[in-house]
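# Structural overview for review
Read off the chains here:
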Amino acid sequence: MTTPLYRRVLVKVSGEALMGPQGFGLHQPTVDRIAADLAATHALGIELAVVVGGGNIFRGVQVSSQGVDRATGDYMGMLATVMNALALAAAIMRQGTQARVLSALDMPAVAETYTRPRALAHLDRGRIVVFAAGTGNPFFTTDTAAALRAVETGCDALLKATNVDGIYSGDPKKDPTATRYERLSHDEVLQKDLKVMDAAAFALARENALPVIVFSIHEPGSIPAVVSGGGRATVVSS
Ligand code: UDP
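Let me begin by describing the structure that accompanies this report. Not measured: the values here are computed from a predicted model.

Attention now goes to the site of the ligand. Among the 21 residues in the neighbourhood of the ligand, the closest are listed as Arg59, Asp74, Thr135, Asn137 and Thr142. Contact distances for the ligand include 3.0 Å between an oxygen atom and a backbone N or O atom of Gly54. Between the ligand and Gly55, the relevant distance is 2.8 Å, taken from an oxygen atom to a main-chain nitrogen or oxygen of the residue. Across the complex, the protein chains shield 93% of the 520 Å² of accessible surface that the ligand would expose by itself. With three residues, the top contributor of residues to the shell around the ligand is helix α3 (residues 70-94).

Here it is in structure tokens:
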């Protein structure tokens, strides 16, 4: 096994990644596979934080289109991320690796409340930290939470797990001529108007020179491969 390139990384796992072949909710074999990948990454000696999304259960925008006000819909979305975080942390623990859920919304019976010192203490002690409830604020996304937590906790890179194996010049599912990039700078992503993360999340990554690595979550072993400099991924760095 090659030496890892990073000391501490944050992995963003979308809610949709957890629903596997289903159209909704949690697909336990998929959750277990992703947990195994995270445990294998941790076993390389890397300090690991995770931000999990909630799109497999609720998205504020969708709920608000049905008459619920946007902020309420977003709180429902944040609660969905808490369920996903509990499921993922439990699956990581079953792999024999210590994990803790830190929630941006205060719910002490369910999870520890996020504070930066608490997160740093868990990471220093070698526990995988799963951040739940996004940023704790409506009108944001878990991509923004991922960039924010990565910067706050001094991560060397943000690994964004997606449905495709990197950043393309267009949507590879719709445009057969779309080409894949190996490396890009943050400025090139903006100049070429490429879709990597939402604008707030990407601005935070760019301002803080945080490398963003985009790869496919569907490939088993992709997370440990990417942190070792292998695997198929696009690396965005300054
Ligand atoms: N959300 C929010 N604030 C945050 C993070 C998430 O309000 O800081 C809500 C928002 O409604 C979002 C939902 O939680 O649609 C689920 O998060 P996201 O859509 O980012 O999940 P993913 O696409 O990664 O599954």
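Alright, that's what it looks like, and here's the rest.
A few words now on the side chain of Ser216. Relative to the assigned elements, Ser216 resides in strand β10 (residues 212-216). A polar atom in the side chain of Ser216 sits 3.1 Å from the backbone nitrogen of His218. Every residue in contact with Ser216, bar those within four places of it in the chain, is listed here: Thr162, Asn163, Val164, Asp165 and Ser222.

So, about unusual backbone geometry. Positive phi values are uncommon outside glycine, yet Phe139 reaches one of about 70°. Along the polypeptide, Phe139 turns up in the loop between β5 (128-132) and α5 (142-152). Assessed through its relative accessible area of 55%, Phe139 is described here as exposed. Of note in the backbone geometry, Ala209 takes a positive phi value of approximately 50° without being a glycine. Taking the relative accessible area as the measure of exposure, Ala209 reaches 43% and is therefore partly exposed.

The rules we used
- Residues numbered from 1 in each chain as written.
- Predicted model: local features only at pLDDT ≥ 70, side-chain atom pairs only at ≥ 80, totals over all residues.
- Heavy atoms only, no water.
- Near = heavy atom within 4 Å.
- Polar contact = N/O pair within 3.5 Å; in protein donor to acceptor, adjacent residues only side chain to side chain.
- Areas by Shrake-Rupley, 256 points an atom, 1.4 Å probe, with all protein chains shown as cover.
- Helix = DSSP H or I, 4+ residues; strand = E, 2+ residues; numbered from the N terminus.
- Contact = heavy atoms within 4.5 Å.
- Buried < 20%, exposed > 50% of the residue type's maximum accessible area, 1.4 Å probe, protein only.

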